[in-house]
Amino acid sequence: MPLKLGFLGTGAITSAMVKGLCSAGGERYAIRLSPRNAETAADLAGRYREVSVATSNQAVVDESEMVVIAVRPQIAEHVLSELRFREGQNAISLVSGYSLRRVSGLVAPAGRVTRAVPLPSAAQRRSPTAMYPRDEAAVELFALLGTAFAVDTESEFDALCTATATMAAYFAYADAAASWLARNGIPQTKAREYVAGMYAGLAGAAVEAPELSFHELAADHATRGGINEQVLNYLVEHGVFQTFSEVLDAVMRRVSAASR
Ligand SMILES: NC(=O)c1ccc[n+]([C@@H]2O[C@H](COP(=O)([O-])OP(=O)(O)OC[C@H]3O[C@@H](n4cnc5c(N)ncnc54)[C@H](OP(=O)(O)O)[C@@H]3O)[C@@H](O)[C@H]2O)c1
């Protein structure tokens, strides 16, 4: 029997998770979506036969064994305070900045509450998903969408959330390389294709050699006296990585304060 899985909030991250789960095959989940956003909900329900749209948020809760909370932080408290959960129900909160204690209070008496941060790459089943505390059913769910990273403390969870704040900067870094190529005569589409391929290869190399630290990989790619070493040394000397570390400290303070 498929597990009855409900989603409160049918936006970007719900779409990514649903696409990933449905592409995994096996129909392990019967998915109920809340009616907002109607267009996205109808699109997902039309595309996958294991997905259907409930008549209300309360209907999602009533008809699900496991409920994923995927509304924005600004409205999450209001949305949850209007709903009645059941004892023994499993709630997974994706709402950033809501501590385990706060969510647990809002979904009581649902006893099994987990915080998680799936990434948009869940759609391709390539998301590392941080979660706290460990819950076997949640681990099974997120393992289908990539890798489940269950941690032992909320502070470790906050640190992993903080690391997710580097994703936009990653693309900006790639954009700096591609834009530089475009200014130097490479057509923009070719420049983008080249840079995306180069970084995909690097990501693959890191995944395939887990015994090597990133520091070691950097050293391996920086031949003494070569052009990689030149760029790396210049960025180090100009404090780029120090600045990167400082802004992560600032994000961690913000994430931890919100989580308290
Ligand atoms: N996006 C990510 O990569 C990501 C990753 C991890 C965690 N999260 C967390 O997941 C949550 C959702 O993020 P998101 O990016 O998916 O946001 P989003 O795209 O804005 O989706 C939120 C959805 O909630 C719907 N909604 C609004 N009011 C509602 C209500 N009263 N009841 C039910 N649904 C309602 C919205 O519908 P309308 O469009 O009709 O307003 C929208 O479809 C946030 O708390 C975020 O912190 C996001």
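Residues numbered from 1 in each chain as written. Predicted model: local features only at pLDDT ≥ 70, side-chain atom pairs only at ≥ 80, totals over all residues. Heavy atoms only, no water.

## Quick word on the site of the ligand
Rules: Think of it this way: one heavy atom of a residue within 4 Å of a molecule or strand is enough to make that residue near it. Polar contact is the term for a pair of N or O atoms within 3.5 Å; when the atoms are in protein, one must be able to donate a hydrogen and the other to accept it, and sequence-neighboring residues count only if both atoms are side-chain atoms. A 1.4 Å probe and the Shrake-Rupley method give the accessible areas. Residues count as covered only by the protein chains that appear here. Grid spacing is 1 Å over the protein atoms alone, the probe is 1.4 Å, and a cavity is where that probe fits but cannot get out, while a pocket is an open set with protein on both sides within 12 Å along at least five of seven lines and lining residues have an atom within 4 Å of a point. A molecule is counted as occupying a cavity or pocket when more than half of its atoms fall within 2 Å of that pocket's grid points.
Neighbouring residues of the ligand: 20 residues in total, closest Ala12, Arg36, Asn57, Val71 and Arg72. A distance of 2.9 Å separates an oxygen atom of the ligand from a polar backbone atom of Ala12. In isolation the ligand exposes 900 Å². Once the protein is present, 75% of that is buried. Using a 2 Å cut-off from the grid points, one finds that the ligand occupies the second largest pocket.

## Description of the packing of helix α1 (residues 12-23) against helix α2 (residues 38-47)
Our working rule: Under this scheme, a helix contributes an axis fitted over its contacting stretch, all axes are lines through C-alpha atoms, and angles between N-to-C directions fall in the 0 to 180 degree range. In this text, helices come from DSSP runs of H or I with a minimum length of four residues, and strands from runs of E with a minimum of two, each type numbered from the N-terminal end. Here the word oblique covers every angle except those under 35 degrees (roughly parallel), over 145 (roughly antiparallel) and from 65 to 115 (roughly perpendicular). Should any heavy atoms of two residues lie within 4.5 Å, those residues are considered in contact. In this classification, the charged set is Asp, Glu, Lys and Arg, the nonpolar set is Ala, Val, Leu, Ile, Met, Phe, Trp, Tyr, Cys and Pro, and all remaining amino acids, among them Gly, are polar.
Where α1 meets α2, the closest approach of the two axes is 11 Å, and the angle between their N-to-C directions is 0°. By the criterion of interaxial angle, the relationship of α1 to α2 is roughly parallel. Within the contact between the two elements, α1 uses Ser15, Val18 and Lys19 and α2 uses Thr40, Leu44 and Arg47. Its residues assigned to classes, the contact of α1 with α2 comprises two nonpolar, two polar and two charged.

## Observations regarding the packing of aromatic side chains
Just so we agree on the cut-off: Aromatic pairs are defined between Phe, Tyr and Trp rings, using the six-membered ring for Trp, whenever the two ring centres lie within 6.5 Å; interplanar angles under 30 degrees are classed as stacked, those over 60 as edge-to-face, and all others as tilted. For every residue, the accessible area obtained with a 1.4 Å probe (protein chains only) is divided by the maximum for its type, and the residue is called buried under 20%, exposed over 50%, and partly exposed between those limits.
Across all of its chains, the model carries three aromatic pairs by this definition. The interplanar angle of 70° and the centroid separation of 5.1 Å between the aromatic rings of Tyr170 and Phe171 together place this pair among those described as edge-to-face. Ring plane angle 55° and centroid distance 6.3 Å describe the contact between Tyr170 and Tyr199, whose orientation is recorded as tilted. With Tyr170 in helix α8 (residues 167-183) and Tyr199 in helix α9 (residues 188-208), this pair connects stretches of sequence that are 29 residues apart. Its relative accessible area of 42% is what places Tyr170 among the partly exposed residues. You can call Tyr199 buried: its relative accessible area is 14%. Through a chain of ring-to-ring contacts, three or more aromatic side chains come together here, namely Tyr170, Phe171, Tyr173 and Tyr199.

## Description of the sheet that holds strand β3 (residues 51-53)
Note the cut-off: Strand pairing is defined by DSSP finding a minimum of two bridges between the two strands.
Taken together, eight strands build an open sheet; the order of strands is β3-β2-β1-β4-β5-β6-β7-β8 and the sheet is mixed. Whereas interior strands pair on both sides, the edge strands pair on one side only; in this sheet they are β3 and β8 (146-150). Mean inter-strand twist for the sheet, computed between neighbouring axes without regard to direction, equals 25°. By the bridge criterion, four bridges tie strand β4 (residues 66-69) to strand β5 (residues 90-93) in an arrangement that is parallel. Note that in β5 the partner of Val68 across the bridge is Ile92. Contacting β1 (3-8), β2 (29-33), β4, β5, β6 (112-117), β7 (127-132) and β8, helix α6 (residues 136-144) runs over the sheet at an angle of about 145° to β8.

## Comments concerning the environment of Gly6
Turning to its location among the elements, Gly6 is positioned in strand β1. For the pair Gly6 and Val67, spaced 61 residues apart in sequence, the C-alpha separation works out to 4.6 Å. In this structure, Gly6 is in contact with Arg32, Val60, Ser64, Met66, Val67 and Val68, ignoring residues within four places of it in sequence.

## Quick notes on a nonpolar patch on the surface
Spelled out, the test is: Patches were defined on residues exceeding 30% relative accessible area and lacking a salt bridge, with like-charge contacts within 9 Å and nonpolar side-chain contacts (Val, Leu, Ile, Met, Phe, Trp, Tyr) within 5 Å. A carboxyl oxygen of Asp or Glu within 4 Å of a side-chain nitrogen of Lys or Arg is what we treat as a salt bridge.
Together, Leu232, Val236, Val240 and Phe241 give the surface a local cluster of nonpolar side chains, amounting to about 310 Å² of exposed area. Mapped by element, the contributors of at least two residues to the nonpolar patch are α11 (227-237) and α12 (240-259). Turning to its location among the elements, Leu232 is positioned in helix α11. On the basis of relative accessible area, Leu232 is assigned to the partly exposed category, the value being 30%.

## What about the pattern of salt bridges?
All chains considered together, the criterion is met by eight salt bridges. Between Arg112 and Asp135 there is a salt bridge, and its shortest N-O distance comes to 3.0 Å. Taken together, the residues span a long stretch of sequence, with Arg112 in strand β6 and Asp135 in the loop between β7 and α6 at a distance of 23 residues. Its relative accessible area of 39% is what places Arg112 among the partly exposed residues. What emerges from the salt-bridge pattern is a single network uniting Arg115, Glu154 and Asp158.

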